[in-house]
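# Structure assessment
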Amino acid sequence: LKFDGKKIVGNYLRIGMNTDGVWRTSKLRTDFIPAAKVQWEDDISASIVVPSHLLTDLNPDYAEFQSVKIVENCEYRLFQRPDEAVNRGFDKQAEADLASPNNFLSNFAPLTKSDAQDIVDHAVMYNQYTRPMRRLIKKAAESTKVEQLLVDSASPRIVNGVPTKNPRYLQIRPDLVDGLPKYLSLISARLFRKIKAGHPLYTPVNAVLPGRRNNPAEPGVRPLAVYGPIHYQELPELFMDFICSLTGKSPSTTGAGTEGALTKGPFNALPATADLNNALLSFILTGSNGFSTAAGYIGSNYKVEHDVSLLIPELWCRMSVAERDPKAMLAAGQLEKLEDFEHEGKPVLANRLGYRITANFVNDYLGKIFEAPQTVFDEEMLKPELQNLEEYVDGINNIVETQQMIAQRYIDDGSVDSFIPPMKALIHIMASGSYGGKGITDPEIRGLFEREAVLSSEWYQKRLIIKQERKAACCRKHIEYLNDFIGKNHNAGKVKVLGCCERLKTVENRLAYVESDKFIEDYAGTIGADPIAL
């Protein structure tokens, strides 16, 4: 088809596979242009929650948020698992990265010069690769070194006779390799908000979109594919999931279980209670909404890998701030609340899954990307129970039982007392179904998760006081050190060069502020400090 003498090319996007393992592709709109995405953080990042009134030039579209979270990446390299690289030419970025020098690779097969020559001789296979990988393979094949080794992006290491599903490599952060896209996005935001030169540009978190790894039933593995493409959960239900970090069958762990259990310690030695307290407070104070996406499987029949998760940024950036509001979605019938039900005389706590998108959501929003949005997610994908009710019920029971098991551990070891009241209530409800005789739907329980209730509570005020005491102790320690340094005769020359007297005055002024009521006033809206002994 041509228009004005130019070919009109149809572009298609894969959204998983059907029951026969064949790709499910949907045609993109002819005017669709992929968003330019900048990855700000990965596994390790630093964040801070700040009252909005203390910051300038924030995005006016989010003016109703009284606190914001600022995140900064702490990593130079990102730990990537290029699942799609086994399809030659499919993952262009992974092939370009793996064809570059100075890589750190794990679980890729070490290929020889003869292996490279075999690939080159297989013309069809060879030409499916992108140019960087073809160049690497050809260079290895033509090498004069008999012991020449290389790694091919489509050849993971063989483990127990089959290719491993966990190939990894360290990718240099794309925004460090090519800083222009990030610079353009930041300078555009500055121009749009009319921020003066020299003033900071703040880019708070304004969407929380975690992914879930789901799996159907397998021998020795219970099903966990009960989620539709996108789910919204209010904070109590969302944090029930976060508390146990339940994941489906994972190639990077020993199987189904709690994700990240083996990797937290080296990076963060704080007890899990402190992390969870801080996380919940940041959600409550910033008014964040949690929308999760399905990865792996949707129901027992539809394998989607990470396709839906990769689609979400394209969708979310095309939705207005008002359209992303779950209250607006509920009013428009775009979200469906899941209710508890009975199956074979036993209760099934489907309420834990929160809300899932409906056909209205698909029609209203996926039309921004696809020509025929209604074909992207059919009814069986929107309602996984239609695929296999028995597996759906067992999957929900799997979630509830795991939440019960994890919660009971916190109770048994006494660490439940280290939780802030909303978290403590959740732990008991997960373990026994109620807290103080009240269930998860009780208005009093849900009121614990309201911002105003938190700010006016005694336990939150205590967190602010603890923060004040720790800040003051830090300032006194600095003052003591500076006085000691200044008081030594042999430091006389260094005192002037280093400006120690001016520094001492600065810290003394800081201490006066920290010990004042103004400090508590300014820090209201932050997460304060956890009472845990340091």
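Below: a short report on this structure. (Residues numbered from 1 in each chain as written. Predicted model: local features only at pLDDT ≥ 70, side-chain atom pairs only at ≥ 80, totals over all residues. Heavy atoms only, no water.)

## A short note on the packing of helix α18 (residues 458–486) against helix α20 (residues 500–514)
- As a packed pair, α18 and α20 sit with axes 9 Å apart at the nearest point and diverge in direction by 160°. In terms of their interaxial angle, α18 and α20 are classed as roughly antiparallel. The two elements α18 and α20 meet at a crossing, and its hand is left-handed. In contact with Q468, K471, A472, C475, R476, H478, I479, L482, N483, F485 and I486 of α18, α20 contributes C500, C501, R503, L504, V507, E508, R510, L511 and V514.
- In the contact of α18 with α20, the residues fall into 12 nonpolar, 3 polar and 5 charged. (Axes fitted to C-alpha atoms, helices over the stretch in contact; angles between N-to-C directions. Helix = DSSP H or I, 4+ residues; strand = E, 2+ residues; numbered from the N terminus. Parallel < 35°, antiparallel > 145°, perpendicular 65-115°, else oblique. Left-handed = near helix turned anticlockwise from the far one by under 90°. Contact = heavy atoms within 4.5 Å. Nonpolar A, V, L, I, M, F, W, Y, C, P; charged D, E, K, R; others polar.)

## Observations concerning the pattern of salt bridges
- For the coordinates displayed, the defined rule picks out 26 salt bridges.
- As a salt-bridge pair, R446 and E237 come within 2.9 Å of each other at their nearest N and O atoms. Of this pair, R446 sits in helix α16 (residues 443–447) while E237 sits in helix α7 (residues 235–244), and the two are 209 residues apart along the sequence.
- Between K488 and D484 there is a salt bridge, with the nearest N and O atoms lying 3.4 Å from each other.
- In the salt-bridge network here, residues are joined through shared partners; they are R14, E84 and D307. (Salt bridge = Lys/Arg side-chain N within 4 Å of Asp/Glu carboxyl O.)

## Some details on the sheet that holds strand β8 (residues 105–106)
- In space, the 3 strands of this open sheet follow the order β7-β13-β8, with antiparallel pairing throughout. The sheet is open, and its two borders are formed by β7 (77–80) and β8, each paired with just one other strand.
- Across 2 bridges, the pairing between β8 and strand β13 (residues 168–172) is antiparallel. Bridging from a neighbouring strand, S106 pairs with R168 of β13. (Pairing = 2+ DSSP bridges.)

## Quick notes on α20
- A rise of 1.5 Å per residue sets the reference length of α20, with its 15 residues, at 21 Å; its end C-alpha atoms lie 21 Å apart and thus fit the reference within 8%.
- The inward-facing, buried residues of α20 contact α18, α19 (492–498) and α21 (517–523). (Expected span 1.5 Å × (residues − 1).)

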